[in-house]
Amino acid sequence: MDDCKEFTKEKHAKYFLRCLNALPSSLVSLDSIRLSISFFAISGLDVLGRLDLLDKHREEYINWIYLFQILPNQDDESLERCGFRGSLAATLSLESHSPSHVGRSVNIGTVSSHPLDTSHITMTYAAINTLLILGDDLGRLQRKGILAGVKALQLENGSFAATLEGSESDVRFVYCACSICYILQDWSAINIETTTNYIINSISYDGAIGQDKNQEGHAGLTFCGIAALSLMGTLDSALNLKQKAKLVRWLVSRQQSGFQGRPNKLPVDTCYSFWVPATLKILGAHQFIDRKRNRQFVLDTQCNVVGGLSKWIDHSSDPLHSYLGLAGLSVCEDTDLVEMIHPALNVTMRAFNHWKKLTSEFV
């Protein structure tokens, strides 16, 4: 491993801080999904072991996240809208979004202000996970509304849409729904049998999971499906040993230096250094990863000027690939560089242990 680039930990920490405070102009179009950007940045600091950089403003970040929560009205007529928005841009009812207001108040969210002001299941996943990472007790979550919002998004075939207004539906949103219900420890919002069957029916001819069984497998979708099965507790019953072996073979074959998302897709991409190894770890087969080659690739994607990691070597860094590259090092057990991650929930073991403490207090 001596031929790897030096790991510029502090530059990466500063990069994530900048992403939290002010996005570069190149990312202004992502304002509608600000909660997911915040999840990548805060998770990045956590996996680096530098969450201490947020200590002075941790409560302000928690309050800010709760501003995105959509609450039911007094008669519970809008429960299906509940969850978290991706941005405050779509709201009309907030009195103030100023940092000074956020810092001095205890926010719980707002009622949906117009028909298009509804939650997005990915943003709900990102918000709850980020609150866990920040050490929140989740006491301000509108659990009844969140679960109603998740339930309203499940389709007859077992998949989930992202929003009530309609959207594509696939295993990505299934994973978000399962993560939400797992953290809340309430599966009443999901038909587990139908959801499990949907994932099984999405297994492609190559053994991996795709958009459906007639399309080629994709590493990101495969992670979402396998992680969802694991969280639901149906992984062992859903896949037999032959199916698992075929999937492991497909996953291991995705490694070139780093990992590719599907056969013949080049160059390799930093985010798959998480999706593939995390899936192998859930399956108990991560010993087949060439950790040295993956580590070298991930470190080669570092931007040594401003910090962060890029999708490809010698490209600009971005929050998603910066976090997932570091998370990939974590699931490959490069613990001399980063903190350990729970492969299915995609949070550090420190955050996961905080969640376990909370759940012991709930019961």
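Structure: above.
A short tour of the structure in this document, coming up. Remember, it's a predicted structure, so these values are computed and weren't measured experimentally.

1. Brief notes about the overall build of the chain
Right, on to step 1. Within the chain, the secondary structure is distributed over 15 helices and seven strands.
Right, on to step 2. Taking 363 residues into account, the globule formula puts the C-alpha radius of gyration at 21 Å, and the chain, at 20 Å, falls close to it.
Right, on to step 3. Each of the three principal axes of the chain carries a C-alpha extent, and together these read 55 × 45 × 40 Å.
Right, on to step 4. Taking all 363 residues of the chain together, 58% fall into the buried category.
Right, on to step 5. Intrachain contacts of the chain at a sequence separation of at least 6 include 69% that bridge at least 24 residues.
Right, on to step 6. Working note: accessible area of the chain is about 15,400 Å², and carbon and sulfur atoms make up 51% of it.
Right, on to step 7. Here the chain contributes 34 positively and 38 negatively charged side chains, and the mean placements of these two sets differ by 4 Å.

2. Brief notes about the packing of helix α1 (residues 9-21) against helix α14 (residues 319-331)
Right, on to step 1. Relative orientation of the contacting elements α1 and α14 amounts to 140 degrees, with a least axis distance of 11 Å. Taken together, α1 and α14 sit at an angle that is classed as oblique. In this structure, α1 meets α14 at a crossing whose hand is left-handed. Seen from α1, the contacting residues are Tyr15, Phe16 and Cys19; seen from α14, they are Pro319, Ser322, Tyr323 and Leu326.
Right, on to step 2. The residue makeup of the contact of α1 with α14, split by class, is six nonpolar, one polar and no charged.

3. Digging into the environment of Leu23
Right, on to step 1. Locating Leu23 in the fold gives a position in the loop between α1 and α2 (34-47).
Right, on to step 2. For the pair Leu23 and Asn63, spaced 40 residues apart in sequence, the C-alpha to C-alpha distance is 20 Å.

4. Here we look at the packing of aromatic side chains
Aromatic ring pairs are defined here through the distance separating the ring centres and the angle between the ring planes.
Right, on to step 1. Going through the model one piece at a time under the given rule, you end up with 13 aromatic pairs.
Right, on to step 2. Between Tyr15 and Phe16, the aromatic rings sit 5.9 Å apart at their centres with planes inclined by 65 degrees, giving edge-to-face as the arrangement. Just as Tyr15 is buried, Phe16 falls in that class too.
Right, on to step 3. Connected via pairs of aromatic rings, a cluster forms that spans Phe39, Phe40, Tyr125, Tyr175, Phe223, Phe274, Trp275 and Tyr323.
Right, on to step 4. The ring of Trp250 has Arg254 sitting right over it, with the charged end atom 4.8 Å from the ring centre.

5. Description of helix α12 (residues 272-282)
Right, on to step 1. Counted residue by residue, α12 has eleven buried out of eleven residues, so it is predominantly covered.
Right, on to step 2. Those residues of α12 lying buried are Tyr272, Ser273, Phe274, Trp275, Val276, Pro277, Ala278, Thr279, Leu280, Lys281 and Ile282.
Right, on to step 3. Of the surrounding elements, those touching the buried residues of α12 are α9 (219-232), α10 (235-238), α11 (241-252), α13 (291-300), α14 and β6 (341-342).
Right, on to step 4. Of the residues flanking the end of α12, it is Gly284, one or two places downstream, whose phi is positive at about 75 degrees.

6. Some thoughts on the side chain of Thr195
Right, on to step 1. Position of Thr195 relative to the elements: it lies in helix α8 (residues 192-201).
Right, on to step 2. Within the structure, the side chain of Thr195 is placed 2.7 Å from the side chain of Gln154, a separation counted as a polar contact.
Right, on to step 3. Once residues within four sequence positions are removed from consideration, Thr195 is found in contact with Gln154, Gly158, Phe160, Val174, Ile190 and Met232.

7. A closer look at the packing of α1 against α2
Right, on to step 1. One can describe the packing of α1 onto α2 by two numbers: an axis separation of 9 Å at closest approach and a directional angle of 155 degrees. Here α2 runs roughly antiparallel to α1, going by the angle between their axes. The element α1 and its partner α2 pack so that their crossing is left-handed. Counting all contacts with α1, which are made through Ala13, Phe16, Leu17, Cys19 and Leu20, the residues of α2 involved are Ile37, Ser38, Phe40, Ala41, Ile42, Gly44 and Leu45.
Right, on to step 2. Looking at the contact of α1 with α2 residue by residue, the classes come out as ten nonpolar, two polar and no charged.

8. Considerations on the sheet that holds strand β3 (residues 110-111)
Right, on to step 1. Taken in spatial order, the three strands line up as β2-β1-β3 in an open sheet, and their pairing is mixed. Where the open sheet ends on each side, the last strands, each with one partner, are β2 (83-84) and β3.
Right, on to step 2. In this structure, strand β1 (residues 69-71) lies alongside β2, joined through two bridges in antiparallel fashion. Bridge pairing in β2 links Ile70 to Gly83.

9. Quick word on the pattern of salt bridges
Right, on to step 1. Under the defined criterion, the tally for this structure stands at 15 salt bridges.
Right, on to step 2. Between Asp236 and Lys244 there is a salt bridge, and its shortest N-O distance comes to 2.7 Å.
Right, on to step 3. You can call Asp236 exposed: its relative accessible area is 62%.
Right, on to step 4. In this structure, Arg291 engages Asp334 in a salt bridge whose closest nitrogen and oxygen atoms are separated by 3.6 Å.

10. Regarding unusual backbone geometry
Right, on to step 1. Following Leu266, the chain continues to Pro267 via a peptide bond in cis, the omega torsion being 0 degrees.
Right, on to step 2. On the secondary structure map, Pro267 appears in the loop between α11 and α12.
Right, on to step 3. Phi at Asn346 takes a positive value of approximately 65 degrees, unusual for a residue other than glycine.
Right, on to step 4. Relative to the helices and strands, Asn346 resides in the loop between β6 and β7 (347-348).

About the cut-offs
Residues numbered from 1 in each chain as written. Predicted model: local features only at pLDDT ≥ 70, side-chain atom pairs only at ≥ 80, totals over all residues. Heavy atoms only, no water. Helix = DSSP H or I, 4+ residues; strand = E, 2+ residues; numbered from the N terminus. Rg over C-alpha atoms; globule rule 2.2 N^0.38 Å. Buried < 20%, exposed > 50% of the residue type's maximum accessible area, 1.4 Å probe, protein only. Contact = heavy atoms within 4.5 Å. Areas by Shrake-Rupley, 256 points an atom, 1.4 Å probe, with all protein chains shown as cover. Lys, Arg positive; Asp, Glu negative; His and termini not counted. Charge placed at Lys NZ, Arg CZ, Asp CG, Glu CD. Axes fitted to C-alpha atoms, helices over the stretch in contact; angles between N-to-C directions. Parallel < 35°, antiparallel > 145°, perpendicular 65-115°, else oblique. Left-handed = near helix turned anticlockwise from the far one by under 90°. Nonpolar A, V, L, I, M, F, W, Y, C, P; charged D, E, K, R; others polar. Phe/Tyr/Trp six-rings, centres within 6.5 Å; stacked < 30°, edge-to-face > 60°. Lys NZ or Arg CZ within 6 Å of the ring centre and 35° of its normal. Polar contact = N/O pair within 3.5 Å; in protein donor to acceptor, adjacent residues only side chain to side chain. Pairing = 2+ DSSP bridges. Salt bridge = Lys/Arg side-chain N within 4 Å of Asp/Glu carboxyl O.

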